[in-house]
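Each chain, letter by letter, is given below.
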Amino acid sequence: MADKCPVDHGSHSSDQSCPVDHKSRTTWASVLPGSSPTHPVNTSSLSTEREVSSIPRTDNGNWVYPSEAQFFAAMARKNHNPHASDMKTIIPIHNAVNERAWSELMKWESGRGGEKCGGVKLVTFKGRPNDLTPKARLMTLLGYSAPFDRHDWVVERCGTRIRYVIDFYTGRGAGPSSNNVSFYLDVRPALDNWEGVKMRAENIWQDWFGSVRSTNTLSQS
């Protein structure tokens, strides 16, 4: 099925699915510039063209992002009060953020052998904007801003499935009053199986001891 995209827009069986769900859409609209309740609803100008993502599916092909018309219709069905004029702003950012999420995920997968069996592929996805991850909850207790959205993506690497957690944060200048939009994505393997625990532990080891080795090498040269 080539008519889905990797941000969960609701039911996974929908032929308009992609990785940000219906609950997330109003949140995304609130942090993107240009959203205004005074905009008239003129759907005739909405594009029906869809962009193919770089994110592979398990049944061959890549996930496909929704068109402006599909994104608008999905929000309208859930009574999220979309504005047609905002779709030209929201869709490119939506797609770019998902591409960045996949790019960050693939940094974790680098060197783990996925290329031996056709590459890492996205299996399922779920938007969980109301569920704080343990890390996000801890950071908010320390005084940091909470993420505005969360996704769980499950990928397959040569028969092994790994769940990744993605926390989405707005960067400086982001928000409805600013025309400068930036996002920070915290992408990491979930700690719900041995593979995820091992990957996180290896990353910590590399960050701490790898940097120490590099410093020692430079000081001796």
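Please refer to the structure placed before this passage.
Okay, so let's go over this structure. Note that the coordinates shown come from a computational prediction; the quantities given were computed from them, not determined experimentally.

The rules behind the values
- Residues numbered from 1 in each chain as written.
- Predicted model: local features only at pLDDT ≥ 70, side-chain atom pairs only at ≥ 80, totals over all residues.
- Heavy atoms only, no water.
- 1 Å grid on protein atoms, 1.4 Å probe; cavity = no way out; pocket = protein on both sides within 12 Å on 5 of 7 lines; lining within 4 Å.
- Points joined across faces, edges and corners; volume = space filled by probe spheres on them.
- Helix = DSSP H or I, 4+ residues; strand = E, 2+ residues; numbered from the N terminus.
- Nonpolar A, V, L, I, M, F, W, Y, C, P; charged D, E, K, R; others polar.
- Phe/Tyr/Trp six-rings, centres within 6.5 Å; stacked < 30°, edge-to-face > 60°.
- Buried < 20%, exposed > 50% of the residue type's maximum accessible area, 1.4 Å probe, protein only.
- Lys NZ or Arg CZ within 6 Å of the ring centre and 35° of its normal.
- Disulfide = S-S within 2.5 Å.
- Salt bridge = Lys/Arg side-chain N within 4 Å of Asp/Glu carboxyl O.
- Polar contact = N/O pair within 3.5 Å; in protein donor to acceptor, adjacent residues only side chain to side chain.
- Contact = heavy atoms within 4.5 Å.
- Patch = residues over 30% accessible without salt bridge, like charges linked within 9 Å, V, L, I, M, F, W, Y side chains within 5 Å.
- Areas by Shrake-Rupley, 256 points an atom, 1.4 Å probe, with all protein chains shown as cover.
- Pairing = 2+ DSSP bridges.
- Axes fitted to C-alpha atoms, helices over the stretch in contact; angles between N-to-C directions.

## Structural notes on the layout of surface pockets
- Put simply, the largest pocket is a space of about 230 Å³.
- It is helix 4 (residues 134-141) that contributes the most residues to the lining of the largest pocket, three residues altogether.
- Taken together, the residues that form the lining of the largest pocket break down as seven nonpolar, one polar and five charged.

## Some words on the packing of aromatic side chains
- Under the definition given, this model contains four aromatic pairs.
- Between Trp63 and Phe125, the aromatic rings sit 5.0 Å apart at their centres with planes inclined by 75 degrees, giving edge-to-face as the arrangement. Of this pair, Trp63 sits in strand 2 (residues 62-64) while Phe125 sits in strand 3 (residues 121-127), and the two are 62 residues apart along the sequence. Phe125 shares its class with Trp63; the two are buried.
- Centroid distance Phe148 to Phe183: 5.6 Å. Interplanar angle 45 degrees. Geometry classified as tilted. Of this pair, Phe148 sits in the loop between helix 4 and strand 4 (149-157) while Phe183 is found in strand 6 (residues 183-189), placing the two residues 35 residues apart along the sequence.
- Relative accessible area serves as the criterion here: at 13%, Phe148 is assigned to the buried category.
- Within the aromatic cluster, the residues linked to one another by ring pairs are Phe148, Phe168 and Phe183.
- Lying across the ring of Trp63, Arg57 places its NZ or CZ 4.1 Å from the centre.

## Quick word on the state of the cysteines
- Under the defined criterion, the tally for this structure stands at one disulfide.
- For Cys117, the disulfide goes to Cys158, at an S-S distance of 1.8 Å. Judged by the sign of its S-S torsion, about -95 degrees, the bond between Cys117 and Cys158 is left-handed. Taken together, the residues span a long stretch of sequence, with Cys117 in the loop between helix 3 (87-109) and strand 3 and Cys158 in the loop between strand 4 and strand 5 (160-170) at a distance of 41 residues.
- You can call Cys158 partly exposed: its relative accessible area is 42%.

## Some thoughts on unusual backbone geometry
- Phi is positive for Asn60, close to 75 degrees, though the residue is something other than glycine.
- With respect to the helices and strands, Asn60 occurs in the loop between strand 1 (52-56) and strand 2.
- Among the residues examined, Asn60 registers a relative accessible area of 65% and is labelled exposed.
- In this structure, Cys158 is a non-glycine residue whose phi angle is positive, near 50 degrees.

## Observations concerning the pattern of salt bridges
- Applying the stated rule across the entire model yields 16 salt bridges.
- The salt bridge partner of Arg57 is Asp59, with a shortest N-O separation of 3.0 Å.
- When its relative accessible area of 6% is taken as the criterion, Arg57 is described as buried.
- A salt bridge links Glu156 to Arg161; its shortest N-O distance comes to 3.2 Å.

## A word on the side chain of Asn95
- Within the secondary structure, Asn95 is located in helix 3.
- Of the residues examined, Asn95 reaches a relative accessible area of 4% and is grouped as buried.
- Within polar-contact distance, the side chain of Asn95 engages the side chain of His94 at 2.6 Å.
- With residues near it in sequence (within four places) discarded, Asn95 still touches Glu51 and Tyr65.

## Comments concerning a nonpolar patch on the surface
- A cluster of nonpolar residues, Ile204, Trp205, Trp208 and Phe209, forms a patch on the protein surface that exposes about 510 Å² of accessible area.
- Structurally, Trp208 is set in helix 5 (residues 194-220).

## Some thoughts on the environment of Lys88
- Locating Lys88 in the fold gives a position in helix 3.
- Setting aside anything within four residues of it in sequence, one finds Lys88 in contact with Ser45 and Glu68.

## Observations regarding the sheet that holds strand 6
- On the basis of which strands lie adjacent, the open sheet formed by four strands has the order 3-4-5-6 and antiparallel pairing. What marks the edges here is a single partner per strand, and that holds for strand 3 and strand 6. Averaged over all adjacent pairs, the angle separating strand axes in this sheet is 25 degrees, with direction ignored.
- Sheet topology places strand 4 next to strand 5; nine bridges connect them, and they run antiparallel. Counterpart to His151 in the pairing with strand 5 is Ile166.

Purely geometric numbers; function is a separate question.
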